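# Chains, contacts and geometry: an overview
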Amino acid sequence: MALLNRILYDAIYHTTPILLCVIGGLFAYKAGVLNIALEGMMLAGSFVAVLVAVNSQSVWLAYLSAIAVSLILGLVFSYMSVNRKGNVIIIGLAINMIVPAVAGFVLQSMGVPNLTAKWINPVIFRVHLPVVERIPVLGSLLSGHPIGTYISFLVIFLAYVLLYKTKFGIYTRVVGESPETAKSLGIKSNYYATLAILIGSLLCAVAGVNLAYERLGIFTNNMTAGRGFIAIAAIYCGKGEPLKSSLYAFIFGLARALAVNLSIYAGNVAALFDIIPYFVMIAILAVNAGYSNRNLRMRTYW
Amino acid sequence: MPSGTASFPPGVDMETILSTKALTKKFGGFTANDQIFLTVHEGQIKAIVGENGAGKTTLMNMLYGELQPTSGEIFLRGEKVEFSSPRDAITKGIGMVHQHFMLVPSMTVYENIVLGAEIPGEHLKFLIDRKEEKRRCQSLTEKYGYDLDLNEKISELSIGEQQKVEILKMLYRDVDILILDEPTSVLTPQEVDEFLKQLVDLKAKGKTIILISHKLREIMGVSDEITVIKRGKTIGNVKTEETSEPALAQMMVGRKVLLTVQNQYKPTDNKRVMLQVKNLQTNDRLGKLAVDHVSFTIHSGEVFGIVGVDGNGQTELVKILSGMMEATGGTVEYNGQEITNCLSDQLRKSGIGIIPEDRYGEGLCQEMSLCQNAIAGAVTSKPFSRHAVFNRKQINEYCQHLIDAYQIHIADFNGNVSQLSGGNAQKLIVAREMEGEPRLLIACQPTRGVDIGAIEFIHRQIIDFRDRGGAVLLVSSELNEILSLSDRIGVMYKGKIIGEVDPRTTTETEIGLLMAGMVPDLENGIRSI
Ligand SMILES: Nc1ncnc2c1ncn2[C@@H]1O[C@H](COP(=O)(O)OP(=O)(O)O)[C@@H](O)[C@H]1O
Ligand SMILES: [Mg+2]
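Residues numbered from 1 in each chain as written. Chains lettered and ligands numbered in written order. Predicted model: local features only at pLDDT ≥ 70, side-chain atom pairs only at ≥ 80, totals over all residues. Heavy atoms only, no water.

Take the coordination of the magnesium ion (ligand 2) next. Residue and element names in this part refer to chain B. The protein atoms that coordinate the magnesium ion (ligand 2) are Thr57 (OG1) and Gln99 (OE1), at distances of 2.0 to 2.7 Å. Pair noted here: Thr57 is in helix 2 (residues 56-63) and Gln99 is in the loop between strand 6 (94-97) and helix 4 (109-114), with a separation of 42 residues, a long-range link. With relative accessibility at 29%, the residue Gln99 sits in the partly exposed group. (Donors = N, O, S within 2.8 Å, 3.2 Å for Na, K, Ca; no water. Helix = DSSP H or I, 4+ residues; strand = E, 2+ residues; numbered from the N terminus. Buried < 20%, exposed > 50% of the residue type's maximum accessible area, 1.4 Å probe, protein only.)

This brings us to the sheet that holds strand 15 (residues 337-338) of chain B. Residues and elements named next belong to chain B. Across the sheet, 4 strands lie side by side as 12-11-14-15; this open sheet has antiparallel pairing. For this open sheet the edge positions go to strand 12 (289-299) and strand 15, each flanked by a neighbour on one side alone. Here strand 11 (residues 273-283) pairs with strand 12 via 7 bridges, running antiparallel. Looking across to strand 12, one finds that Leu280 is bridged to Val294. Helix 10 (residues 314-321) rests against strand 11, strand 12 and strand 14 (329-334) of the sheet, and its axis sits at about 120° to strand 11. (Pairing = 2+ DSSP bridges. Contact = heavy atoms within 4.5 Å. Axes fitted to C-alpha atoms, helices over the stretch in contact; angles between N-to-C directions.)

This structure, assessed with the given rule, holds 0 disulfides over all chains. In this model Cys21(A) remains outside any disulfide bridge; the closest cysteine sulfur is found in Cys204(A), 3.8 Å from its own. By relative accessible area, which is 0% here, Cys21(A) ends up buried. Here Cys365(B) stays unpaired: no disulfide links it, and the sulfur of Cys371(B), its closest cysteine neighbor, is 14 Å away. (Disulfide = S-S within 2.5 Å.)

The next point concerns the pattern of salt bridges. Residue and element names in this part refer to chain B. All told, the structure shown has 30 salt bridges over all chains when counted by the stated rule. Lys393 is paired through a salt bridge with Glu397; the nearest N and O atoms lie 3.8 Å apart. Placement of the pair is Lys393 and Glu397 together in helix 14 (residues 392-405), with a separation of 4 residues, close to one helical turn. Using a relative accessible area of 61% as the deciding quantity, one classes Lys393 as exposed. Here Arg466 makes a salt bridge to Asp467, at a shortest N to O gap of 2.9 Å. (Salt bridge = Lys/Arg side-chain N within 4 Å of Asp/Glu carboxyl O.)

All names here are of chain B. The full set of residues close to ligand 1 is Phe27, Phe30, Ala32, Glu51, Asn52, Gly53, Ala54, Gly55, Lys56, Thr57 and Thr58. At a separation of 2.9 Å, an oxygen atom of ligand 1 approaches a polar backbone atom of Gly55. Lys56 places a polar main-chain atom, nitrogen or oxygen, 2.8 Å from an oxygen atom of ligand 1. Alone, ligand 1 offers 560 Å² of accessible surface; in the complex the protein occludes 59% of this. Elements that contribute at least two residues to the shell around ligand 1 include exactly strand 2 (30-41) and helix 2. Looking at the shell around ligand 1 element by element, the count peaks at 3 residues for helix 2. A class-by-class count of the residues in the shell around ligand 1 yields 4 nonpolar, 5 polar and 2 charged. (Near = heavy atom within 4 Å. Polar contact = N/O pair within 3.5 Å; in protein donor to acceptor, adjacent residues only side chain to side chain. Areas by Shrake-Rupley, 256 points an atom, 1.4 Å probe, with all protein chains shown as cover. Nonpolar A, V, L, I, M, F, W, Y, C, P; charged D, E, K, R; others polar.)

Honestly, it's all geometry; don't read function into it.
In structure tokens form, the structure reads like this:
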């Protein structure tokens, strides 16, 4: 029972950064832009948050500067891809490679293997929900997570309203699904695509902050460990719909929680459990792709 | 000299609502519209005709603000206007329904109608007021007598219904001038009739309509005035009552054309079964039968026509027969030999010629040269290559032979296929397939998007091939084409061949009803399936 509880608590905990990336990234997905720079933007959020925290000792300055830097990356990405019509894969790759390179350089020149904001006690970010906390099993599951976790679940709902109930959301979907229609009605495609990408940057920054700063107060290079790509997989599996994609994000979070918790019992083969999230990802994508074409007997010649 | 105004005698009182003066549009060095003078009178239906590529769509896109003229002027109610986007045109009362629909498939009918002009909520301004949107759309459909479910998704609608949504979209914006770019090319004959009635209705309600088409019969039926465009120039401006179909065709092409091919139905004796299809089936993406137990037989010296509204399984049927898709059941026999699910390479070798529906997707490679395309499908055979090396001289000679024999108009012999107009690209495919000396020809939409001159030529080729004893499977959504070329006609509806008719005795009405899924029933009149 205690183990199960732990696994579920961890599942929520591990879902948070992925979920934030998913919700952020699905706007660009809906606007028809493949944003593979989620990973880089998240890592930038982690790095800048801890770096600023170490140097300024200010909680909020850390938060804000992480967001600012990620937004700048988002602007670079959208300018290059949307305005200049560059290849999104190349631009995204560039961002994903530049961020760890810069972080690595800074770490090296500071002569440290990783950054630690020693004055931070992650406990200060924990939110204790007043009433919920008292509920027997559920209370310990739902209460005591970092702020980012609550933001991430709130954001699912906000994304839904934004996408389906507002002009912004409708236009964003039109731009992605039927760009010619957008053009014929005078909807400014570039404007909506850019905004969609920037929402992604914003939430990726929050994800990065959650990952490094809120949880541990530590930054190690490449600590995002492919979560941005897992988020892309979740977005694709859920076809960019907030609820569905979030569900996939949770499946990945759960897989990660299983890997971490079961490895306690597994001794040397512990490392194998870490494969679970990736295995789940490949399986879901493969099944999804196979499933949507299961009826069609179209020939393809390679 | 604006020939438009000149052709109307003075004293006839007609308000000019829209006109252009020397309107010109260049794409790079290519002049798509060359000094166009157009005059549209208020409350009338103005038809614009011209062959494919004549520049009709380009002209309309300028009137609708989607393209900006290189030079020239547009006048609306006597006032010079400049549109920087469709939004400007719509505000001034000009709306356009494009040749390719501009609808968002995953959104509902009413969402599409109000798209771009959403109504903000009363209290929360950033949320949209769906109730009010629906209410306004409801009253709009009632006013114009359109029968549509506002909550249905566009992807669930038939093409005819989608078109209504497009028109409602413009009426919602309360435009006075409605531009329709080739609106009838995707409709069944019945839908076309209904559509044309709606146009007359709209005109009665005071709208001015600009109708683009290359279907002369429709134009003759509803329009008040006709402007003919050829190679980007206005070459004629006539009142409908003062002209005729042959006269218009002659203006469009610049010479006399035969609108229907001369076709003698010759009964060939001792006919041989060339293609026998039995209970053929395959699924679509959703697992529904796209081709549903289709059976038919084609003999040598015979054209079997399959007609139907697009999307009723004809595409899939042809894909199976040409080896691009697999059948899940049934058999295909060619000349006594089973060829079910053979690869297209094997089919070609056994003597089947294929003119595919998607000219540039499956028929030609636009980025390759004429010669390379001319030998596609035969690259490894003897005269063209030996020991895996091409014989350039042979290939060039062969390509030149095709160009001469099939009157393909080219600009540069060494250039790519992308230089060819639609008609000439299609002729290249016909030439290649015919020269392979097939015994069975599968032709799918062979004249879609092809100019009248080339249509005449391709039809002649098909009839000559049949007269030489070839068997032809002709799939087309052009009723005229099917009627004038076929010896027998099968009508496809929802994946099935729901009726076979004889072109010599059938009527357009009968076929039209079958295309809409109505089977004539001897006892009860018509029954819908
Ligand atoms: N955006 C464009 N760029 C270059 N050429 C174009 C463009 N749009 C149209 N054209 C060319 O202009 C000519 C006229 O096209 P269009 O107006 O679509 O003809 P129509 O509608 O009469 O069939 C064609 O030869 C076409 O290839
Ligand atoms: Mg056109």
